[in-house]
Amino acid sequence: MISASIVIITLNEERNIERCLNSVKDISDDIIVVDSYSNDKTKEICKKYDVNFIEYDWKGYSETKNYGNSIAKYDWILSIDADEVVSEKLKKSLLNVDLNSGFDGFYLKRLNNYCGKWIKHSGWYPDRKIRLWNKNKAKWEGEVHEKIVLEKQSEIGCLKGNLLHYSYYTIKEHIKRIEKYSDMSAQEYFKKGKKSNIFKIYVAPVFKFILNYFIRLGFLDGYYGFIICKLTAYTTFLKYYKLKKISNIEH
């Protein structure tokens with residue numbers, strides 16, 4: 001095992017959490033699950049494992065994850081989402097990592113599963129995320145797409161192996177998430193003073209599709225590659241369309 005705490009946040013994750021816990025149970029002796037009062041079988045499933053299960057009011061992605069980090073036993077944190085799984089190759093890398101190597105954090109490569117297919121292009125791979133880091137050097141920031149922000153001049157390594165992400169089970173589920181996140185993104189853009197215009201609403205989505213489908217080889221992912229690139233472009237449209245509406249209302 002490694003001298004790092006594993007932190008997972010949950011809310012109604014009964015379809016994912018057992019697969020996740022099975023993949024990390026042999027990596028650390030300090031696994032923390034911060035649950036925002038799930039009303040499914042999440043708690044029941046977690047209790048079967050040697051985890052520190054804590055119920056905590058939802059405070060947003062960053063604040064909830066930072067709370068989990070604050071009660072971690074170790075200085076180093078491995079952050080895993082409930083719908084993610086540590087592959088065997090990545091597990092080997094984690095168990096052999098030197099946390100005193102001079103790095104302040106490590107990137108993990110995410111391989112996304114979309115409707116049962118592993119997506120290896122379309123701008124979705126390698127989806128590098130800092131997921132192993134020293135909590136004294138970084139914290140989570142942002143609410144729509146939260147990310148780890150390290151101190152300036154921090155050194156970041158990259159581990160071999162994939163973090164397997166079971167992103168969407170159906171296209172309908174993806175579209176529902178887009179509606180939610182585009183609302184949040186538009187609100188966040190507005191708070192930051194960003195502006196929308198005709199170019200961003202109608203032209204930027206076209207460029208986004210061309211970038212992901214042709215340049216980033218989305219066509220090699222077949223039917224679902226086309227769907228992903230199309231919906232990614234649609235997300236760009238929605239964010240700026242909704243930002244324009246908010247701006248018009250406020251002014």
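Everything that follows concerns the structure shown earlier in this document.
Attention in this report is confined to the structure presented alongside it.

Cut-off values and rules
Residues numbered from 1 in each chain as written. Predicted model: local features only at pLDDT ≥ 70, side-chain atom pairs only at ≥ 80, totals over all residues. Heavy atoms only, no water. Core = buried A, V, L, I, M, F, W, Y, C linked by side-chain atoms within 4.5 Å. Buried < 20%, exposed > 50% of the residue type's maximum accessible area, 1.4 Å probe, protein only. Helix = DSSP H or I, 4+ residues; strand = E, 2+ residues; numbered from the N terminus. Contact = heavy atoms within 4.5 Å. Polar contact = N/O pair within 3.5 Å; in protein donor to acceptor, adjacent residues only side chain to side chain. Expected span 1.5 Å × (residues − 1). Bend = angle between axes of the 7 residues up to and from the residue. Salt bridge = Lys/Arg side-chain N within 4 Å of Asp/Glu carboxyl O.

### Points about the nonpolar core
Here's step 1: In terms of nonpolar packing, the biggest core is built from 30 residues, with Ile8, Leu21, Ile80 and Leu132 touching the most fellow members.
Here's step 2: The element that contributes the greatest number of residues to this core is helix H1 (residues 17–24), accounting for four residues.
Here's step 3: Excluding residues within four positions of it along the chain, leucine 21 makes contact with Ile8, Ile31, Val33, Cys46, Tyr49 and Val51.
Here's step 4: Grouped together as the second largest cluster of nonpolar side chains are 17 residues, Tyr56, Trp133, Val144 and Ile148 included.

### A short note on the side chain of arginine 110
Here's step 1: Among the structural elements, arginine 110 can be located in strand S6 (residues 105–114).
Here's step 2: By relative accessible area, arginine 110 is classed as buried at 10%.
Here's step 3: In terms of polar contacts, arginine 110 uses its side chain to reach the side chain of glutamate 84, at 2.8 Å.
Here's step 4: At 2.9 Å, the side chain of arginine 110 and the side chain of aspartate 127 are in polar contact.

### As for helix H6 (residues 198–215)
Here's step 1: Here H6 is 18 residues long and its end C-alpha atoms lie 24 Å apart, about the 26 Å a rise of 1.5 Å per residue gives.
Here's step 2: If you look at H6, its biggest bend is around 35 degrees, right at alanine 204, and the proline proline 205 turns up within four residues after that.
Here's step 3: Ile201, Pro205, Phe209, Asn212 and Tyr213 are the residues of H6 that are buried.
Here's step 4: One side-chain oxygen at the N-terminal end of H6 lies 3.1 Å from the backbone nitrogen of phenylalanine 199; it belongs to asparagine 197.
Here's step 5: Positioned one or two residues after H6, leucine 217 has a phi angle of 65 degrees, which is positive.

### Considerations on the pattern of salt bridges
Here's step 1: Applying the stated rule across the entire model yields 15 salt bridges.
Here's step 2: Measuring nitrogen to oxygen at the nearest pair gives 3.4 Å for the salt bridge that ties lysine 65 to aspartate 81. Of this pair, lysine 65 sits in helix H3 (residues 61–70) while aspartate 81 sits in the loop between strand S4 (76–79) and strand S5 (84–86); the two residues are 16 residues apart in sequence, bridging distant segments of the chain. Summarising the burial analysis for this pair, lysine 65 and aspartate 81 share the class buried.
Here's step 3: The salt bridge involving glutamate 146 is made with lysine 65; its shortest N-O contact spans 2.9 Å. Of the two residues, glutamate 146 is situated in the loop between strand S9 (138–141) and strand S10 (147–150) and lysine 65 in helix H3; the sequence distance between them amounts to 81 residues.
Here's step 4: By relative accessible area, lysine 65 is classed as buried at 4%.
Here's step 5: The network of salt bridges with shared partners includes Lys65, Asp81, Glu84, Arg110, Asp127, Lys129, Arg131 and Glu146.

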